[in-house]
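Notes for the structure review
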Amino acid sequence: MALTMKDLAEKDKRVSLIWAANAIRALTELDKVLKQKGSPAAFTKADLPPFLHHVRDALQTHFNINTATNQSALVVEILGRYQAVVTSLGSSSSLFVNDTTSAEATKGTPAHVPFGSGKVNFTPAFREHNLATGVGFGPFARAAMVLHEPVHVVDHPNASFVVNHVHEGDAAYAATPAANQVHNAHSYASFAQHMNFGKDTRFGATKPQF
């Protein structure tokens, strides 16, 4: 019997949690060093041990940390949001919903969080990738969605405002200020991948084959 959309998401959640764990581990180490330095409002790679340089680079890539008013506080906020996402995924049996009737399902949106619902809806478009037809999404693309969508739940309503929801494939992604990127669900999925793979992969809906 084929998996329902939410059942497939439950399967993909295992990868999402590994990515989130790597992000939490990296940010926890960074936060520890920053606290030892008095939580400076601004810091560069020169202020960090070499093993944290890639974390600082990835924070610039996905959260534009150079534009933050308080960079140490930004790290703490991002870390807390990942922890909240992991907690929410722990209740995925009630968090995840099969959705075949909404307007988003009709449009072919694979996953979405109706504003204020606190539920992650998975539609028939959320399916395994078919190489012959090009329909559906590969396991990494789906895992990115499973990690992305709960940000809209734990950071409501900020994560759902258009100004804070800049796609990782958009040219504006690199230029969006940290004050917005800290609420960008795309940034959380992409940064976690960066920490997991050691490079900027950006798996998601724009890379359906992966």
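Residues numbered from 1 in each chain as written. Predicted model: local features only at pLDDT ≥ 70, side-chain atom pairs only at ≥ 80, totals over all residues. Heavy atoms only, no water.

Details of helix 2 (residues 53-63)
Put simply, the rule reads: Buried residues are those whose accessible area, probed at 1.4 Å on protein chains only, stays under 20% of the maximum for their type, while exposed residues exceed 50% and partly exposed ones sit between those limits. Labels follow the DSSP assignment, with helices taken as runs of H or I lasting at least four residues and strands as runs of E lasting at least two, numbered in each case from the N terminus. Working definition: the arc comes from the directions between the helix axis and the C-beta atoms, pointing outward to the latter. Throughout, a residue-residue contact means that at least one pair of heavy atoms, one from each residue, lies within 4.5 Å.
Buried within helix 2 are the following residues: Val55, Arg56, Ala58, Leu59, His62 and Phe63. All buried residues of helix 2 fall inside an arc of 165 degrees around its axis, so they share one side. Residues of helix 2 that are buried make contact with helix 1 (5-36), helix 3 (71-89), helix 7 (178-181) and helix 8 (185-197). Phi turns positive one or two residues past the end of helix 2, at Asn64, with a value near 50 degrees.

Notes on helix 6 (residues 139-154)
Convention followed: To estimate how far a helix should extend, the number of its residues minus one is multiplied by 1.5 Å.
Its 16 residues place the ends of helix 6 24 Å apart at the C-alpha level, agreeing with the 22 Å of an ideal helix rising 1.5 Å per residue. Within helix 6, 12 of the 16 residues are buried, leaving the element largely enclosed by the surrounding structure. Where helix 6 is concerned, the buried positions are Ala141, Arg142, Ala143, Ala144, Met145, Val146, Leu147, His148, Glu149, Pro150, Val151 and His152.

Focus: the side chain of Gln181
Which entries qualify depends on this criterion: Two N or O atoms form a polar contact when they lie within 3.5 Å of each other; inside protein one atom must be a possible hydrogen donor and the other a possible acceptor, and for residues adjacent in sequence the pair counts only when both atoms belong to side chains.
Along the chain, Gln181 turns up in helix 7. At 3.2 Å, the side chain of Gln181 forms a polar contact with the backbone oxygen of Tyr173. Residues in contact with Gln181, not counting those within four places in the same chain, are His62, Phe63, Val166, Tyr173, Thr176, Ser187 and Tyr188.

Thoughts on a nonpolar patch on the surface
Rules: Excluding any residue in a salt bridge, patches collect residues exceeding 30% relative accessible area, merging like charges within 9 Å and nonpolar Val, Leu, Ile, Met, Phe, Trp and Tyr side chains within 5 Å. Only the protein chains shown count as cover for residues, and the accessible areas themselves come from Shrake-Rupley with a 1.4 Å probe. A pairing counts as a salt bridge when a side-chain nitrogen of Lys or Arg comes within 4 Å of a carboxyl oxygen of Asp or Glu.
A cluster of nonpolar residues, Phe115, Phe161 and Val163, forms a patch on the protein surface that exposes about 320 Å² of accessible area. Position of Val163 among the secondary structure elements: in the loop between helix 6 and helix 7. Assessed through its relative accessible area of 54%, Val163 is described here as exposed.

Notes on unusual backbone geometry
Of note, the bond from His156 into Pro157 is cis; its omega dihedral lies within 30 degrees of zero at 5 degrees. In this structure, Pro157 sits in the loop between helix 6 and helix 7.

Remarks on the packing of aromatic side chains
Operational definition: Centres within 6.5 Å make a pair out of two Phe, Tyr or Trp rings, where for Trp the six-membered ring is used; the pair is then stacked when the planes are under 30 degrees apart, edge-to-face when over 60, and tilted otherwise. Charge-over-ring contacts are defined here by two conditions on Lys NZ or Arg CZ: a distance within 6 Å of the ring centre and an angle within 35 degrees of the ring normal.
What the rule picks out here adds up to 12 aromatic pairs. Through a chain of ring-to-ring contacts, three or more aromatic side chains come together here, namely Trp19, Phe140, Phe197, Phe203 and Phe210. Over the face of the ring belonging to Phe43 we find Arg56, whose NZ or CZ atom lies 5.2 Å from the ring centre.

Side note on the environment of Phe122
As for its position among the elements, Phe122 is in strand 3 (residues 120-122). Remark: the alpha-carbon pair of Phe122 and Phe197, spanning 75 residues in sequence, is separated by 26 Å. Excluding its chain neighbours within four sequence positions, the residues that come into contact with Phe122 are Met5, Lys6, Ala9, Phe96, Val97, Asn98, Asp99, Pro110, Ala111 and Val146.

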